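Architecture and fold: a report
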Amino acid sequence: MTSGERTDPSCLFCRIVAGIEPAHEVHRDEHVVAFLDTRPVFVGHTLVVPVDHVATLPDLPVSEVGPFFERVQHLAAAVRDGMDAQGTFVAANNTVSQSVPHLHVHVVPRTKGDGLRGFFWPRTRYDDDAHAAAVAGRVARALAERLSPPG
């Protein structure tokens, strides 16, 4: 990728942002795309990625940090609410343990006693595409409710 390019065609997440690769999206705007992780820690586990290709958080332009994390903040509440969880675990790897070299923040629904301990992340799968689509819809609806003006 050369200076000034906004995407990397070899990057899976860039291809999802471009609509080339399928994903169960819960949100898309000019700053981020959020979609379900295909190997979730818990059902509803959502990834938030910047639209422009940046490998790690330190690479994210300062002007994008606020808009990016505002979306992460909203999605942390939407995943919690959409999945009837008590809270969320929000994390980002930078290079080490980063399976795709495109900045992504994990938003994982949490409930007391869910079995997650420390940084060991057991993975599960969705039953099928319909199950994943239904979960994406729940999180998207919860986010839409948070972003809708009152009244």
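For the structure itself, look to the data block above.
Overview of the structure. (Residues numbered from 1 in each chain as written. Predicted model: local features only at pLDDT ≥ 70, side-chain atom pairs only at ≥ 80, totals over all residues. Heavy atoms only, no water.)

Take T111: it is sitting in the loop between strand 5 (105–110) and helix 3 (129–147). By relative accessible area, T111 is classed as partly exposed at 35%. If near-sequence neighbours (up to four positions away) are discounted, T111 is found in contact with A85 and Q86. (Helix = DSSP H or I, 4+ residues; strand = E, 2+ residues; numbered from the N terminus. Buried < 20%, exposed > 50% of the residue type's maximum accessible area, 1.4 Å probe, protein only. Contact = heavy atoms within 4.5 Å.)

Locating A76 in the fold gives a position in helix 2 (residues 62–82). A76 sits in the buried class, given a relative accessible area of 16%. Those residues within four positions of A76 in sequence are excluded, and the remaining contacts are T88, V90 and V107.

What the rule picks out here adds up to 0 disulfides. We note that C11 lacks a disulfide partner, and the nearest cysteine sulfur, in C14, lies 3.8 Å from it. Overall, C11 belongs to the buried group, its relative accessible area being 5%. (Disulfide = S-S within 2.5 Å.)

The next subject is the side chain of R71. Here R71 is to be found in helix 2. Those residues in contact with R71, other than ones at most four positions away along the chain, are H27, D29, E30, H31 and V32.

This paragraph deals with the packing of aromatic side chains. Applying the stated criterion across every chain, the model contains 2 aromatic pairs. The interplanar angle of 85° and the centroid separation of 5.1 Å between the aromatic rings of F68 and F69 together place this pair among those described as edge-to-face. On the basis of relative accessibility, which here comes to 31%, the residue F69 falls in the partly exposed class. (Phe/Tyr/Trp six-rings, centres within 6.5 Å; stacked < 30°, edge-to-face > 60°.)

Among the secondary structure elements, T46 is positioned in strand 3 (residues 46–50). Given a relative accessible area of 0%, T46 falls into the buried group. A distance of 2.8 Å separates the side chain of T46 from the backbone oxygen of G44, its partner in a polar contact. Apart from residues no more than four positions distant in its own chain, T46 is found in contact with V26, A34, F35, L36, D37, V79, V105, H106, V107 and V139. (Polar contact = N/O pair within 3.5 Å; in protein donor to acceptor, adjacent residues only side chain to side chain.)

The next point concerns the sheet that holds strand 1 (residues 25–28). Read across the sheet, 5 strands follow the order 1-2-3-5-4 without closing on themselves; strand pairing throughout is antiparallel. Lying at the two open borders of the sheet, with one neighbouring strand each, are strand 1 and strand 4 (87–91). Strand-to-strand twist of the sheet, defined as the mean angle between neighbouring strand axes without regard to direction, takes the value 20°. In the sheet, strand 4 pairs with strand 5 via 5 bridges, with the strands oriented antiparallel. Bridged to T88 within strand 5 is P109. Most of the contacts of helix 2 go to strand 5, to which it runs at about 20°, and overall it touches strand 1, strand 2 (32–36), strand 3, strand 4 and strand 5. (Pairing = 2+ DSSP bridges. Axes fitted to C-alpha atoms, helices over the stretch in contact; angles between N-to-C directions.)

Time to look at the environment of L12. Note on placement: L12 falls in helix 1 (residues 12–17). The exposure class assigned to L12 is partly exposed, which follows from its relative accessible area of 33%. Separated by 116 residues in the primary sequence, L12 and D128 have C-alpha atoms spaced 21 Å apart. If we ignore the near neighbours within four places in the chain, the residues touching L12 are E21 and V100.

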